Amino acid sequence: MHDYLLSLLIWLPIAAGVVVLLLGERNIVAGRWISLLATLATLALCVPLWRNFNTHTAAYQFIEKAAWIPRFHAYYALGVDGISMPLIVLTALMTIPVVIAAWDVIKARPAQYYASFLIMEGLMIGVFAATDALLFYFFWEAMLIPMFLIIGIWGGPRRVYATIKFFLYTFLGSVFMLAALIYMYVKCGSYSIAAFQALPLTLTEQRWIFAAFLIAFAVKVPMWPVHTWLPDAHVEAPTGGSVILAAIMLKMGGYGFLRFALPIVPDACRHLYFLIVVLSLIAVIYIGFVALVQQDMKKLIAYSSIAHMGFVTLGVFLVYAILRNTGTTHGAAMGMDGAMVQMVSHGLISGALFLCVGVLYDRMHTRQIADYGGVVNTMPVFAGFMVLFALANTGLPGTSGFVGEFLVILASFKANFWYSALAALTLILAAGYTLWLVKRVVFGPVGNDRVAKLKDLNGREFLILGALAAVVLLVGVWPAPLLKVMGPSIQHLVHQAVATKIPA
Amino acid sequence: MSESMMTLHSLGPAVPEIYLAAAICLVLLFEAFIGVKRPGATGTLALLVLAVGAGLTVAFADVTHRVVLFDGSYVADPLAFVLKLAGFLSVAVALLYSRTYLRNREILKGEYYVLALTALLGIFVLISANSLLTVYLGVELLALSVYAMVAFDRESGLAAEAAMKYFVLGAIASGILLYGMSIVYGLTGTLNLGRIAAAVTAPDSLGVVLAVTFIVVAVAFKLGAVPFHMWLPDVYEGAPTSVTLFIGTAPKIAYFALALRLLAHGLAGVTVDWTRMLMPIAVLTLVVGNVVALVQTNIKRMLAYSTISHVGFIILGFVAGTASGYAAALYYTLVYVLVSLGSFGVVVLASRKGFEADQLSDYKGLYRRDPLLALAMAMLMFSTAGVPPFVGFWAKLRIIQALWESHDLWLVIIAVVMSVVGAFYYLRVVKLMYFDDAPQTLPPTERSFGVRFALGVNAAAVLVLGVLPAPLLDLCAHVIH
């Protein structure tokens, strides 16, 4: 089975999605159970993936290769390393709460809803598992279609605007990457990512390609100033859409930087790292302030996501700042480790927070902070979870949120005191906007009659929030296995990132 | 094989044309004696004719050799085989989709099918043209049949206006083409494309540039490239939708062949001249097509401007001026025909008696009224926008690849930016169908099983060729040397 494990991970959810779609809305009870079983089975497939993963090598594992377009030397080539494997597990993990959360909440066209998410899941795993650039792009773009439909069909009042903006933004970013990938194919005659990483490129070429990558990945992360699609998309998306968007899709930008930008155009990255650092710090600080003034819970969490993703891009590009200031790469791996842990952790926490907002929204049908107040009085169990995830979002030690931010700030000390000073501001800002949110929504006297009538979590909601809380705490207190899995790949990446590719 | 030897056997490569010409006579007779009493019977016969034709083409195909017949006027090569097969299939599908539409408008007449078949014969002549005379013969046979088809609904003033416009402008284009050809003949003393290719080798000579200019303009007109595109939206809008479906598909194959035979083959020696002229045309076509499509409210007009933008991509393949570029243009053309058959087909199928589904707002909530039609249309729209996993993605990819191979950085940038602009109006159709509520007043869509099945296959082909693109890509590269 190990020979086809990654294929199974990709195609099992897609096949299940097609089955649910064909069963149609009339057989929705069966469709629901098939969806749940398929997502659980996908997560179960991650167990052998994790257990049999060799943590001593940076090479791709669980390799599959089949001819796809022989003429272009494009292969159906799959494989994982320490960078992609945790993200695949995260994807498999986060789709389950989406399915459970929709159980009796989504009333309109539920079969299509489940099918969209199942197909999404397979495509997202495909993005992380592809080792052929064309296959990667194929999954990367195909993913837009289900998300476009999810926001557009099940979204809020301004869903059409939000979803078209989302699609066009990401599409615009991606096509430049496509042009860059084809350029490199024409140069080296292969679409293998490894071949691209080995391809010598002049500095001018690297700058152009870097620009193309930057547009594609910066939109996806999203980085300031191309982040404006995200608050709109999050606010209008249904709960499940927000969860997947925040937990997985944003990670693809970070993954893109790690897999494509750093190893393929290292010299351009070294020349332009300052740009990314500045944009990241703006995201961390400015967007943090923007989050403070939000009136809408989802919008607040969306801005918080942008700020937290700023840490990811900062951690990734710290390697060049460290190299410049110390002449060595000591500590660079720590920054990247931090970025990776931050990605996983943010996936869990932001997903959980959006689920919390979904729990409230299902009962009150409003996301305005002002409509709430004193929820703890009527929903004590829910309040406990919400406070836990909020604290994790602020980076409380003992939660997963702490590990990533701590590693990135630690690494940034090696680069420049001011980077770390500015980045550390987030600890105050995040505490500010998150705790203030909790104060206004959860604590205080009961805000109004509707809050007074709220019912606490049902078993289904308790199950998903409880499970996510457990994972958040587990990664917080014991991140070692995660770091061990990533170790060799990050080390290898640091070497690639500082090696020059300019032909002599 | 000697070119002048005319045994029966040596006519094998010309079987599609000979068969089709005979079949047209048969259909005409059938219509005169039987068809007039039983409307629709001629249509069935025409479909049968096309199916048998496709079979014969495959049976007589020689996909490895290039055979020149009729004193050098006619060529049968692997490219011609592929294009003719595509011609048979696309005309068959177009006629299949149109049947109910024609009946509802009381224009289900045998002549419609006869004209479609003569147009197809014109397409074939053009595909296999190896001399300027054959080229012109094909162009006119195709054009005259299509003019008549546009005007087929005699009661419609809009259609008459469209046909008139098409005819007048088409005649000018034919004149320009003839003029260009006459200069070429004056320069080389031959009509044979092979001999012209050998003789015309001096770029930048005044006579050659003059001839190339006229030929490029004529080709651009026929393809509908900016600034020679004015006729196209008006004709697409004014013609009966079934005719729009017809002229939006199979003739594009012929005009691709026209460009390839005349420019890439006959004027290969002065590629630098005509690529230089085509470059601004391609850019203008992409920009104008996509930008103007944004503001259309009539879906036929929107698809017309979308066609123009696709023509821009096809011309970009020629601008590359390499075999890879021509193969990319061929692939793009075939993909375009496949997708257009589907999307114009949906417009035909959504129309009912006394109701043209030609406004974009007529597609509101189509998902609720007819999920299959909406799903097919959504797949086709995503494909045209160039989003994987649909086949349109590979078409754009091939063009960009060809442009990189000839180092056209700015053309690549324009092409990718314009494909994003284009995505907007395709998404808008999906938005109307899936996100908006249906007004109560819209009539039901076409329900006949056979037609819906064909549309399903059409849409499925767009997905299957998108996931497994290798065979068609290989075929296109193989037939272009």
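Above this text you will find the structure in question.
To start, this report covers the structure provided alongside it.

Our next topic: empty space enclosed by the protein. Residue and element names in this part refer to chain B. Under the criterion given, the structure shown has 11 cavities of 30 Å³ or more. By volume, the largest cavity is sized at about 150 Å³. Taken together, 15 residues line the largest cavity, and the ones lying closest to its centre are P13, F60, A61, D62 and A76. Listing elements by their share of the lining of the largest cavity, those giving two or more residues are α2 (41-59) and α3 (78-104). By residue number, the principal contributor to the lining of the largest cavity is α3, which donates 3 residues.

Another point: unusual backbone geometry. Here W224 of chain A and P225 of chain A are connected by a cis peptide whose omega angle stands at 5°. With respect to the helices and strands, P225 of chain A occurs in the loop between α9 (203-220) and α10 (229-236). For the bond from V226 of chain B to P227 of chain B, the omega torsion is 5°, close enough to zero to count as cis. Residue placement: P227 of chain B occurs in the loop between α8 (206-223) and α9 (231-238). For H365 of chain A, which is not glycine, the phi torsion reads 55° and is therefore positive. By the secondary structure assignment, H365 of chain A is in the loop between α14 (332-364) and α15 (375-378). A relative accessible area of 57% means that H365 of chain A is categorised as exposed.

Moving on, we come to the packing of aromatic side chains. Following the criterion strictly, the structure yields 56 aromatic pairs over all chains and no others. Ring centres of Y183 of chain A and W404 of chain B lie 4.7 Å apart, and the angle between their planes is 65°; on these two criteria the pair is classed as edge-to-face. On the criterion of chain membership, the pair formed by Y183 of chain A in helix α7 (residues 159-188) and W404 of chain B in helix α17 (residues 392-405) is interchain, its members lying in two chains. Residue Y183 of chain A shares its accessibility class with W404 of chain B, and that shared class is buried. In this structure, R32 of chain A packs its charged tip against the face of W103 of chain A, placed 5.9 Å from the ring centre. Directly above the ring of W436 of chain A sits R440 of chain A, whose terminal nitrogen or CZ lies 3.8 Å from the centroid.

Listed as interface residues are 39 residues of chain B and, on the opposing side, 35 residues of chain A. Of the roughly 3400 Å² buried between chain B and chain A on both sides combined, carbon and sulfur atoms contribute 82%. Seen at the junction of chain B and chain A, the total is 1 salt bridge. A salt bridge links D474 of chain B to R71 of chain A, with the nearest nitrogen and oxygen atoms 2.7 Å apart. Here chain B and chain A share 6 residue pairs in polar contact (both at pLDDT 80 or more) between them.

Before going further, it helps to examine the side chain of T91 of chain A. Structurally, T91 of chain A is set in helix α3 (residues 84-101). Once residues lying within four places of it in the same chain are set aside, the contact partners of T91 of chain A are E121, M124, I125, F128 and I248 of chain A.

A separate point is helix α12 (residues 266-292) of chain A. Taking 1.5 Å per residue as the helical rise, α12 of chain A with its 27 residues ought to reach 39 Å, and the 36 Å between its terminal C-alpha atoms agrees with that figure. The axis of α12 of chain A is deflected most strongly, by about 60°, at L272 of chain A.

This brings us to helix α13 (residues 299-320) of chain B. Residues and elements named next belong to chain B. The end-to-end C-alpha distance of α13 is 32 Å, a good match for the 32 Å that 22 residues give at a rise of 1.5 Å each. Most of α13 is tucked away: 22 of the 22 residues are buried. The backbone nitrogen of K300 has a side-chain oxygen 2.7 Å away, supplied by the residue at the start of α13, namely N298. Positive phi appears at G321, one or two residues downstream of α13, with a value of about 70°.

What follows covers the packing of α14 of chain A against helix α17 (residues 400-415) of chain A. Residue and element names in this part refer to chain A. Put simply, α14 and α17 touch, their axes get as near as 7 Å, and they point 155° apart. Here α14 lies roughly antiparallel to α17, going by the angle between them. Seen along the crossing, α14 lies across α17 with a hand that is left-handed. Where α14 abuts α17, its residues M334, G335, D337, G338, A339, V341, Q342, S345 and I349 lie against S400, G401, V403, G404, E405, L407, V408, L410 and A411. Along the lines of polarity and charge, the residues of the contact of α14 with α17 split into 9 nonpolar, 7 polar and 2 charged.

Here we come to the packing of α17 of chain B against helix α18 (residues 409-434) of chain B. All names here are of chain B. For the pair α17 and α18, interaxial distance at closest approach is 8 Å and the crossing angle is 160°. Comparing their axes, α18 and α17 come out roughly antiparallel. When the axes of α17 and α18 are compared, the crossing they make is left-handed. Taking contact as the criterion, the partners of K396, I400, L403 and W404 in α17 are, on α18, L409, L411, V412, V416 and S419. Its residues placed into classes, the contact of α17 with α18 shows 7 nonpolar, 1 polar and 1 charged.

Turning our eyes to something else, we now look at the layout of surface pockets. Its boundaries defined by the atoms lining it, the largest pocket holds a volume of some 1400 Å³. Elements with a minimum of two residues in the lining of the largest pocket: α1 (5-23), α4 (110-129), α5 (133-142) and α6 (144-154) of chain A together with α16 (371-385) and α19 (449-467) of chain B. Residue contributions to the lining of the largest pocket peak at 7 residues, all from α16 of chain B. Partitioned by chemical class, the residues of the lining of the largest pocket number 32 nonpolar, 4 polar and 2 charged.

A separate point is the pattern of salt bridges. Counted under the stated rule, the structure contains 19 salt bridges over all chains. The residue D296 of chain A makes a salt bridge to R367 of chain A at a minimum N-O spacing of 3.5 Å. Within this pair, whereas D296 of chain A is found in the loop between α12 and α13 (297-326), its partner R367 of chain A is found in the loop between α14 and α15, the two being separated by 71 residues in sequence. Notably, a salt bridge pairs R452 of chain B with D370 of chain B, separated by 2.9 Å at the nearest N-O pair. Residue R452 of chain B is found in helix α19, and its partner D370 of chain B is found in the loop between α15 (366-369) and α16; the two are separated by 82 residues along the sequence. Of the two residues, R452 of chain B and D370 of chain B, neither departs from the other in class, the shared state being buried. Each of E161, K165, D234, E237 and R301 of chain B takes part in a single network of salt bridges with overlapping partners.

Looking at soluble globular proteins, one finds that nonpolar side chains tend to be buried together. Counting 411 residues, the largest nonpolar core has F213 of chain A together with W274 and F318 of chain B as its most contacted members. With 20 residues, the single largest contributor to this core is helix α14 (residues 323-350) of chain B. Residues A14, V67, L69 and Y74 of chain B belong to the second largest nonpolar core, which totals 5 residues.

Residues and elements named next belong to chain A. Taken together, the side chains of F413, F417, W418, L422, L425, L427 and I428 define a hydrophobic patch exposed on the protein surface, amounting to about 710 Å² of accessible area. Considering each element in turn, the nonpolar patch owes the most residues, 6 residues, to helix α18 (residues 417-441). The residue F413 is located in helix α17 in this model. The exposure class assigned to F413 is partly exposed, which follows from its relative accessible area of 48%.

Cut-offs used in this document
Residues numbered from 1 in each chain as written. Chains lettered and ligands numbered in written order. Predicted model: local features only at pLDDT ≥ 70, side-chain atom pairs only at ≥ 80, totals over all residues. Heavy atoms only, no water. 1 Å grid on protein atoms, 1.4 Å probe; cavity = no way out; pocket = protein on both sides within 12 Å on 5 of 7 lines; lining within 4 Å. Points joined across faces, edges and corners; volume = space filled by probe spheres on them. Helix = DSSP H or I, 4+ residues; strand = E, 2+ residues; numbered from the N terminus. Buried < 20%, exposed > 50% of the residue type's maximum accessible area, 1.4 Å probe, protein only. Phe/Tyr/Trp six-rings, centres within 6.5 Å; stacked < 30°, edge-to-face > 60°. Lys NZ or Arg CZ within 6 Å of the ring centre and 35° of its normal. Contact = heavy atoms within 4.5 Å. Buried area = accessible area lost by both parts, 1.4 Å probe. Salt bridge = Lys/Arg side-chain N within 4 Å of Asp/Glu carboxyl O. Polar contact = N/O pair within 3.5 Å; in protein donor to acceptor, adjacent residues only side chain to side chain. Expected span 1.5 Å × (residues − 1). Bend = angle between axes of the 7 residues up to and from the residue. Axes fitted to C-alpha atoms, helices over the stretch in contact; angles between N-to-C directions. Parallel < 35°, antiparallel > 145°, perpendicular 65-115°, else oblique. Left-handed = near helix turned anticlockwise from the far one by under 90°. Nonpolar A, V, L, I, M, F, W, Y, C, P; charged D, E, K, R; others polar. Core = buried A, V, L, I, M, F, W, Y, C linked by side-chain atoms within 4.5 Å. Patch = residues over 30% accessible without salt bridge, like charges linked within 9 Å, V, L, I, M, F, W, Y side chains within 5 Å. Areas by Shrake-Rupley, 256 points an atom, 1.4 Å probe, with all protein chains shown as cover.

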